[in-house]
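Results of the structural survey
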Amino acid sequence: MSRRQGIVVEGTGGVWQVRSRDGDVVPAALAGRLKQEARGSVKLAVGDHVTVEPEERGQGWRIVEIAERHSVLARREPGGRYGERVLAANVDQVLVVFAVAKPEPHLRMIDRFLVVCEANDLRAHVVLNKVDLATDPAQVEALAHPYARAGYPVHRTSVKTDIGLDELRGVLHGRVTAVAGPSGVGKSSLLNALHP
């Protein structure tokens, strides 16, 4: 059998997309044995390192091994239940992105993202995006100051005017990074500008 090593990049409805070391992405389901083991214990997550092999009847792939994780990005289960929901595995750092304007920054939400990073012992970078929309540079610095003072690296970026993108590429290089932030802050535009 030709086994392959890979990383889970997406998953819906029990089908996981696994990117192999050669760059191919294959759909795979958990092998029956792993499904039984996963009940009530470790659940597969994006970022997990796995071993896949062809199905016995040659119709797709199955995940036969899950490697031990070196880190997780997780939050408490919703609704007051005990336990945690793993959002991503084997993450080195998190970019917490919010816009200077359009939409207006929701600072309590940013703080919640940072608390989740701290609880998971993951390094967080604060990204102030859409700095080109600031009516006054002092507005950007007023937003950045409390986070910089708390020890977080703060990056000022604009996709439209190409501000701060080279610096951010350097921060991302060679690291597995999760990107978090509310809707509309420019996460997708930022990622497309950094890695089309």
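This is a predicted model, so every value here is computed, not measured. (Residues numbered from 1 in each chain as written. Predicted model: local features only at pLDDT ≥ 70, side-chain atom pairs only at ≥ 80, totals over all residues. Heavy atoms only, no water.)

Quick look at the overall build of the chain now. Helices and strands together make up the secondary structure of the chain, namely five helices and eleven strands. Dimensions along the principal axes, computed over C-alpha positions, put the chain at roughly 65 × 40 × 25 Å. Here the chain holds 196 residues, and 38% of them are scored as buried. Sequence separation of 24 or more characterises 60% of the internal contacts of the chain that already satisfy a separation of 6 or more. When the accessible surface of the chain is totalled, it reaches about 11700 Å², and 51% of it is carbon and sulfur. The distance from the centre of the 26 positive side-chain charges to the centre of the 23 negative ones in the chain is 5 Å. (Helix = DSSP H or I, 4+ residues; strand = E, 2+ residues; numbered from the N terminus. Buried < 20%, exposed > 50% of the residue type's maximum accessible area, 1.4 Å probe, protein only. Contact = heavy atoms within 4.5 Å. Areas by Shrake-Rupley, 256 points an atom, 1.4 Å probe, with all protein chains shown as cover. Lys, Arg positive; Asp, Glu negative; His and termini not counted. Charge placed at Lys NZ, Arg CZ, Asp CG, Glu CD.)

If you look at the biggest cluster of nonpolar residues, it comprises 35 residues, and the most contacted ones within it are Val94, Phe98, Leu114, Val126, Leu128 and Tyr147. Elements supplying a minimum of two residues to this core: strand E8 (93-99), helix H2 (107-119), strand E9 (123-129), helix H3 (137-149), helix H4 (165-172), strand E11 (177-180) and helix H5 (187-194). Ranked by residues supplied to this core, first place goes to E8 with six residues. In this structure, Val8, Val18, Val26 and Leu34 belong to the second largest nonpolar core, which totals twelve residues. (Core = buried A, V, L, I, M, F, W, Y, C linked by side-chain atoms within 4.5 Å.)

Further remarks concern the pairing of strand E5 (residues 61-66). Here three bridges tie strand E3 (residues 25-30) to E5, and the two strands are oriented parallel to one another. Paired with Leu30 across the bridge in E5 is Ile63. Across five bridges, strand E4 (residues 49-54) lies against E5 in antiparallel orientation. Counted as the bridge partner of Val50 is Ile66 from E5. (Pairing = 2+ DSSP bridges.)

Here we come to the pairing of strand E2 (residues 15-20). Taking every second residue as pointing to the same face, the buried face of E2 carries Trp16, Val18 and Ser20, while none of Val15, Gln17 and Arg19 on the other face is buried. Where strand E1 (residues 4-12) meets E2, six bridges bridge the pair, whose relative direction is antiparallel. In the sheet register, Gly6 faces E2, and the bridge partner there is Ser20. Across four bridges, the pairing between E2 and E3 is antiparallel. Counted as the bridge partner of Trp16 is Ala28 from E3.

Right, let's get into the environment of Arg21. By the secondary structure assignment, Arg21 is in the loop between E2 and E3. Here the alpha-carbon distance between Arg21 and Gln5, two residues 16 residues apart in the chain, equals 6.4 Å.

This is a description of form; function is not addressed.
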